[in-house]
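Here is what each chain is made of, one letter per residue.
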Amino acid sequence: MDNTDLFVCIDHVGLAVPNLDEAIKLHTEVFGWRVLHRETNEEQGVEEAMLGTGNQHVENAQIQLLAPLSEQSTIGKWLAKNGGRGGIQQLAYRVKDIDAVCATLRERGVTLLYDEPKIGTGGSRIQFAHPKSTGGVLLELVEPAAVAAH
Ligand code: V0V
């Protein structure tokens, strides 16, 4: 796959938060973000909200607030390791063809977490690259649902 076809843009930055309602209040009332979407993803162990700026729905990079469904969940463990405080947990790149991107990254030695992409926010297809193979950042790949449908 050509490098120019690999990533479309930054899709979102994921923030781990101890309490979703409090985090939404901060980001909407103080920072002026808008809640675009909210859902619970049992498989990922999160209650999450996607926030956007301005009038655009999905064209701009978003903020994803991620609250844990349990202490044993990925976000629950991340928060415990970080003294219970929130922070940046992941950086997500938007892709057009997640299967092709995963194949290319695997060829280049990147460690991907799942054999096949899983379902993420809004019915998107998602995959993660382990921080040990990305220079220390948990990298998510997102193929949005609208693209996945075509
Ligand atoms: C762990 N490490 C991280 C990290 N989490 N480094 C950067 N960013 C993070 N978020 C480092 C940690 O410091 C250790 O480094 C090493 O990785 C192993 O840490 P650990 O505490 O033992 O963590 P693990 O192995 O239990 O879990 C790490 C992985 C986990 C990446 C496997 O976070 C995972 O499965 N993430 C993917 C799923 C996920 O994040 N779901 C929640 C979002 P040292 O100390 O060894 O150097 S769900 C979502 O985004 C959705 C639904 C969506 O976008 O649609």
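Residues numbered from 1 in each chain as written. Predicted model: local features only at pLDDT ≥ 70, side-chain atom pairs only at ≥ 80, totals over all residues. Heavy atoms only, no water.

Enquirer: What's the story with the site of the ligand in this structure? I'm lost.
Expert: Taken together, 23 residues sit near the ligand, with Q89, Q90, T121, K132 and E140 positioned nearest. The side chain of Q90 places a nitrogen or oxygen atom 2.8 Å from an oxygen atom of the ligand. One nitrogen or oxygen atom from the main chain of T121 is found 2.7 Å from an oxygen atom belonging to the ligand. Protein chains bury 68% of the 1,100 Å² of accessible surface belonging to the ligand in isolation. Every element with two or more residues in the shell around the ligand is listed here: α2 (74-81), β5 (87-94) and β7 (125-129). Of all the elements, α2 adds the most residues to the shell around the ligand, at 5 residues. Its residues assigned to classes, the shell around the ligand shows 8 nonpolar, 11 polar and 4 charged. (Near = heavy atom within 4 Å. Polar contact = N/O pair within 3.5 Å; in protein donor to acceptor, adjacent residues only side chain to side chain. Areas by Shrake-Rupley, 256 points an atom, 1.4 Å probe, with all protein chains shown as cover. Helix = DSSP H or I, 4+ residues; strand = E, 2+ residues; numbered from the N terminus. Nonpolar A, V, L, I, M, F, W, Y, C, P; charged D, E, K, R; others polar.)

Enquirer: Please clarify how the packing of aromatic side chains should be interpreted in this entry.
Expert: How two aromatic rings sit relative to each other is set out by the distance from centre to centre and by the angle between their planes. Tallied over the entire structure, the rule returns 2 aromatic pairs. Summarising the aromatic geometry, the rings of F7 and Y93 are spaced 4.5 Å apart at their centres and angled 45° between planes, so their arrangement reads as tilted. One end of the pair, F7, is in the segment before β1 (9-16); the other, Y93, is in strand β5, with 86 residues separating them in the sequence. Residue classification places F7 among the partly exposed positions, given a relative accessible area of 30%. The interplanar angle of 90° and the centroid separation of 6.0 Å between the aromatic rings of Y114 and F128 together place this pair among those described as edge-to-face. Highlighted residues: Y114 in the loop between α3 (98-107) and β6 (118-119) and F128 in strand β7, separated in sequence by 14 residues. (Phe/Tyr/Trp six-rings, centres within 6.5 Å; stacked < 30°, edge-to-face > 60°. Buried < 20%, exposed > 50% of the residue type's maximum accessible area, 1.4 Å probe, protein only.)

Enquirer: Is there a simple way to explain α3 in this structure?
Expert: Helical periodicity: at 3.6 residues per turn, an α-helix aligns residues three or four positions apart in one direction. Of the positions making up α3, those classed as buried are I98, V101, C102, T104 and L105. Buried residues in α3, looked at end-on, bunch into an arc of 165°, giving them a common side. Elements in contact with the buried residues of α3: β7 and β8 (139-143). Structurally, the start of α3 carries an N-cap: the backbone nitrogen of D99 is 3.2 Å from a side-chain oxygen of D97. Looking one or two residues beyond α3, the residue adopting positive phi is G109, at roughly 90°. (Arc of directions from axis to C-beta. Contact = heavy atoms within 4.5 Å.)

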